[in-house]
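Survey of secondary and tertiary structure
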Amino acid sequence: MIQELFTDLTHAVEGAPAMALGAAFLWGIFSVLLSPCHLASIPLIVGFIDQQGRMSTRRAFLTSTLFAVGILITIAAI
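Just so it is clear, the model here is predicted, and its values are computed rather than measured. (Residues numbered from 1 in each chain as written. Predicted model: local features only at pLDDT ≥ 70, side-chain atom pairs only at ≥ 80, totals over all residues. Heavy atoms only, no water.)

1. Re the environment of Met19
Note the threshold: Numbering goes from the N terminus for both helices and strands, where a helix is a DSSP run of H or I of at least four residues and a strand is a run of E of at least two. Throughout, a residue-residue contact means that at least one pair of heavy atoms, one from each residue, lies within 4.5 Å.
For Met19, the location among the structural elements is in helix 2 (residues 17-33). With sequence-adjacent residues up to four places away left out, Met19 is seen in contact with Ala12 and Val13.

Spelled out as structure tokens, the structure:
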């Protein structure tokens, strides 16, 4: 079943280089976003925000987003 899936995906991108490049780009983004190294930082973010005291949901979201974007930019630069 997995072999058949890979065969179908291979045939889908063989004739469409733009599709292959787009798929490779998206896969690269997902591999960074779903990396175990990043997922392990979620408790750090939650703990940091929790220690800030009473914080609005909006401010907690913005702080978490800035932290996540900072990690992604750092890894992209490396």
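2. Focus on the confidence of the model for the chain
This is how the line gets drawn: Every residue is assigned a pLDDT by the predictor, reflecting its confidence on a scale from 0 to 100.
In this model, the chain carries an average pLDDT of 78, and 97% of its residues clear a pLDDT of 70 or more. Mean pLDDT across the secondary structure elements of the chain bottoms out at helix 3 (residues 36-39), with 69, and peaks at helix 1 (residues 2-14), with 81.

3. Side note on the packing of helix 4 (residues 42-50) against helix 5 (residues 57-77)
Definition in use: Angles here are taken between N-to-C directions and fall from 0 to 180 degrees, while the axes themselves are lines fitted to C-alpha atoms, restricted in helices to the stretch in contact. Working definition: roughly parallel below 35 degrees, roughly antiparallel above 145 degrees, roughly perpendicular at 65 to 115 degrees, and oblique for all remaining angles. Handedness of a helix crossing follows the sense of rotation of the near helix relative to the far helix, less than a right angle counterclockwise being left-handed and clockwise being right-handed. Classification used: nonpolar for Ala, Val, Leu, Ile, Met, Phe, Trp, Tyr, Cys and Pro, charged for Asp, Glu, Lys and Arg, polar for all others including Gly.
Two elements in contact, helix 4 and helix 5, have axes whose closest approach is 10 Å; the angle formed by their N-to-C orientations is 140°. The angle between helix 4 and helix 5 places the two elements in the oblique class. Taken as a pair, helix 4 and helix 5 cross one another with a handedness that is right-handed. Along its contact with helix 4, which presents Ile45, Phe48 and Ile49, the element helix 5 presents Ala60, Thr63, Ser64 and Phe67. Here the residues of the contact of helix 4 with helix 5 sort into five nonpolar, two polar and no charged.

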